[in-house]
Amino acid sequence: MRPINYEKLIRFVRSNPMYEVNEVGDTVELIFHAPSEEEAAGGLGVEEGAVMRIVFTRRGDELIPREAWVERGGVRRSIDIDGLDVWLDFVDMYS
């Protein structure tokens, strides 16, 4: 599990309306609203897409992933924190 710079993450998500960030104390929650399969295929998207949540602990300018999960249709499925490294590398490189 690798940390990411707080400012880089905020710059990355600020330009994308599918993301939102909630902060309380040293906890930062990143929420990604994935498009439904219908929306992704170019349809109107009446069904609800999945929601991915990543909770970070903020230590100064760094965010350390603490837990992550995907919610869809009332079902919550955990995500392995170590599996986020590729995405964090992408954010780090393009922000």
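Counting from 1, residues in each chain are numbered in the order their sequence is written. Only residues with pLDDT of at least 70 get local features here, since the model is predicted, and only at 80 or more are side-chain atom pairs given and counted; chain-wide, interface and lining totals rely on the full set of residues. Derived side-chain values reflect all non-hydrogen atoms in the structure, with water molecules and hydrogen atoms excluded from consideration.

(A) Representation of the nonpolar core in the model. Remark: nonpolar core denotes a set of buried residues (Ala, Val, Leu, Ile, Met, Phe, Trp, Tyr, Cys) joined through side-chain atoms within 4.5 Å. The buried label goes to any residue with under 20% of its type's maximum accessible area, the exposed label to any with over 50%, and the partly exposed label to all in between, with areas taken from a 1.4 Å probe on protein chains only. Counting 17 residues, the largest nonpolar core has Leu 9, Leu 30, Phe 56 and Leu 63 as the members making the most contacts within it. Only helix 1 (6–14), strand 3 (27–33), strand 4 (51–59), strand 5 (62–72) and helix 3 (85–94) provide two or more residues apiece to this core. The element contributing the most residues to this core is helix 1, with five residues. Setting aside residues up to four positions removed in sequence, Leu 9 forms contacts with Leu 30, Phe 56, Leu 63, Trp 87 and Val 91. Numbering of helices and strands starts at the N terminus; helices are DSSP runs of H or I of at least 4 residues and strands are runs of E of at least 2. By definition in these notes, contact holds between two residues if any of their heavy atoms fall within 4.5 Å.

(B) A look at the environment of Arg 53. Among the structural elements, Arg 53 can be located in strand 4. Along the chain, Arg 53 and His 33 lie 20 residues apart, while their C-alpha atoms are 8.9 Å from each other. Excluding residues within four positions of it along the chain, Arg 53 makes contact with Glu 29, Leu 30, Ile 31, Glu 67, Ala 68, Trp 69 and Glu 71. Here the side chain of Arg 53 touches Glu 29 through a polar contact of 3.1 Å, side chain to side chain. Identification of polar contacts relies on pairs of N or O atoms within 3.5 Å, with a donor-acceptor requirement for protein atoms, meaning one able to donate a hydrogen and the other able to accept it, and with residues adjacent in sequence counted only if both atoms are side-chain atoms.

(C) Focus on the pairing of strand 2 (residues 19–24). Across six bridges, the pairing between strand 2 and strand 3 is antiparallel. For Val 24, the partnering residue across the bridge sits in strand 3 and is Thr 27. When DSSP locates at least two bridges between a pair of strands, those strands are taken to pair.

(D) Quick look at the pattern of salt bridges. A carboxyl oxygen of Asp or Glu within 4 Å of a side-chain nitrogen of Lys or Arg is what we treat as a salt bridge. The full count for this structure, using the stated rule, is eight salt bridges. Linking Lys 8 and Asp 92 is a salt bridge whose minimum nitrogen-to-oxygen distance equals 3.0 Å. Remark: Asp 92 occurs in helix 3 and Lys 8 occurs in helix 1; sequence separation between them is 84 residues. Take Asp 92: its relative accessible area is 27%, and that puts it in the partly exposed class. Overlapping salt bridges bring together Arg 2, Lys 8, Asp 89 and Asp 92 as one network.

(E) Focus on the packing of helix 1 against helix 3. Where helix 1 meets helix 3, the closest approach of the two axes is 9 Å, and the angle between their N-to-C directions is 85 degrees. If you check the angle between helix 1 and helix 3, you find them roughly perpendicular. Residue-level inspection shows Lys 8, Leu 9 and Phe 12 of helix 1 in contact with helix 3, the latter providing Trp 87, Phe 90, Val 91 and Asp 92. Each residue gets one label: Ala, Val, Leu, Ile, Met, Phe, Trp, Tyr, Cys and Pro are nonpolar, Asp, Glu, Lys and Arg are charged, and the others, such as Gly, are polar. Here the residues of the contact of helix 1 with helix 3 are counted per class, giving five nonpolar, no polar and two charged. For helices, the axis comes from a line fit to the C-alpha atoms of the stretch in contact; other axes are also lines fit to C-alpha atoms, and the angle between any two N-to-C directions lies between 0 and 180 degrees. Angle categories are assigned with fixed cut-offs, so that under 35 degrees is roughly parallel, over 145 is roughly antiparallel, 65 to 115 is roughly perpendicular, and the rest are oblique.

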